[in-house]
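# Secondary and tertiary structure notes
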Amino acid sequence: MDSADLLAAPTRPSGVPTARAVDHYAFTVTDLPRAVAFCTEVLGGELCYEEGPIVHPDSDWMARKLGVHPRARTRVALVRLHDANLELFGYDTPDQVRVPPPPGVTGNAYLALAVADLPAALTALDTVPQARVETTTVDPVGGTRIAWCRTDLGLWLQLRQGDDPPARGRYRPRPRPAGGTAPAVAGIQGVEHFGRAVADLPAAVTFFVDVLGAEPITAGQPAPGRGAASPTVALRLGPTANLELVAGSPAPPQTPRNSDIGGHHLAIYVDDVDVAASALAGVPGVVVMGEPETITSGPLVGDRWVYFRTPIGLQMELVNMPDGRLPYEATTTARRATPGAHRWHDRP
């Protein structure tokens, strides 16, 4: 299948019923407190809340609802980075895989950050012990300057300085005013996209377009410098997110679970979790992981959620939050990024 075939899709597919926006990007890290410090002090995010430990020692709840070892324990932190939410997990589990797949290998996920000045950002990263710049390159088609950064937290980053204006249909992150403390890396404008290497690129594109209502933007050869360049497809995913799917090289023996270092998921904010879950349950290859649940204690009382497995190997989540009435809001001025009045096919 060539690039033209990959981009052939309806202009506005309907997507998941009641979907509003991507709610958060989630990653499992080696050390949760250090990851929070990295995302706040280095990248300039704001810590909204922490919760846990989450553990169910006498049941299989962790396996049924999260897809991890039944005796796993986890703590969670949510950091707002401009107009996106990053959910960070620290897992303690007897079967954890500690080495995540690198970029280009099936199962790898990464976070791409838009920066105003890539050389300045890389100079600043040189002073950060947790991070190491792997490669830098220039996209020969769009002219975007790209750098790959490995962290000892198990999180891969891509820093991007793009041309103005961005590609047609692509979401541009919207920086918020700087807080009281300047981050180590200045000029970060927000999350430019979430990237995932998949085993079957055409099948992944079809799933995101036909089932989740994504809109293709571009197809081409991305990110040279991480071995041989692989075919990629960029998608607009809701009003405030971009997604990059990469044709991955052969997968490791086991792609990351939630509890593995480098484990990840993508969450979609919906108005009605039950309606959305019911619709997804009828999609071939999708497995909704139990019934939706509502959190009754901790910083997120009222959050209704459920995870689901997809036929392309990416675990995802449906979530609805009573923002403005969440308990964590009484203890901090930081606030989660929310869809506001946006609907899935709005293009702010």
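### Digging into the overall build of the protein chain
Of the regular secondary structure elements, the protein chain holds six helices and 17 strands. With respect to the three principal axes, the spread of C-alpha positions in the protein chain is 55 × 45 × 45 Å. Expressed as a percentage of the 348 residues in the protein chain, the buried residues total 52%. Across the protein chain, the fraction of contacts at a sequence separation of at least 24, relative to all contacts at a separation of at least 6, is 68%. Of the roughly 14,300 Å² of accessible surface on the protein chain, 52% is carried by carbon and sulfur atoms. Between the mean site of the 30 positive side-chain charges and the mean site of the 37 negative ones, the protein chain shows a separation of 1 Å.

### Digging into the pattern of salt bridges
The final tally for this structure, using the stated rule, is 16 salt bridges. Linking R20 and D271 is a salt bridge whose minimum nitrogen-to-oxygen distance equals 2.7 Å. In this pair, R20 is assigned in strand β1 (residues 19-28) and D271 in the loop between β13 (264-270) and α6 (273-281), connecting sequence segments 251 residues apart. The exposure class of R20 is buried, given its relative accessible area of 10%. Across the pair R336 and D23 runs a salt bridge, and its minimum N-O distance is 3.0 Å. Of this pair, R336 sits in the segment after β17 (315-320) while D23 sits in strand β1, placing them 313 residues apart in sequence. The exposure classification of R336 matches that of D23, with both residues buried.

### Focus: helix α5 (residues 201-210)
Restricting attention to buried positions, one finds in α5 the residues L201, A204, V205, F207, F208 and V209. One side-chain oxygen at the N-terminal end of α5 lies 3.1 Å from the backbone nitrogen of A203; it belongs to D200.

### Observations concerning the environment of M289
Inspection of the secondary structure assignment puts M289 in the loop between β14 (287-288) and β15 (293-294). The exposure class of M289 is buried, given its relative accessible area of 3%. Taking the C-alpha atoms as reference points, M289 and E50, separated by 239 residues in sequence, lie 24 Å from one another. When neighbours within four sequence positions are excluded, M289 is seen to be in contact with A63, R64, K65, L66, G67, V306, Y307, F308, R309 and Q315.

Conventions used here
- Residues numbered from 1 in each chain as written.
- Predicted model: local features only at pLDDT ≥ 70, side-chain atom pairs only at ≥ 80, totals over all residues.
- Heavy atoms only, no water.
- Helix = DSSP H or I, 4+ residues; strand = E, 2+ residues; numbered from the N terminus.
- Buried < 20%, exposed > 50% of the residue type's maximum accessible area, 1.4 Å probe, protein only.
- Contact = heavy atoms within 4.5 Å.
- Areas by Shrake-Rupley, 256 points an atom, 1.4 Å probe, with all protein chains shown as cover.
- Lys, Arg positive; Asp, Glu negative; His and termini not counted.
- Charge placed at Lys NZ, Arg CZ, Asp CG, Glu CD.
- Salt bridge = Lys/Arg side-chain N within 4 Å of Asp/Glu carboxyl O.
- Polar contact = N/O pair within 3.5 Å; in protein donor to acceptor, adjacent residues only side chain to side chain.

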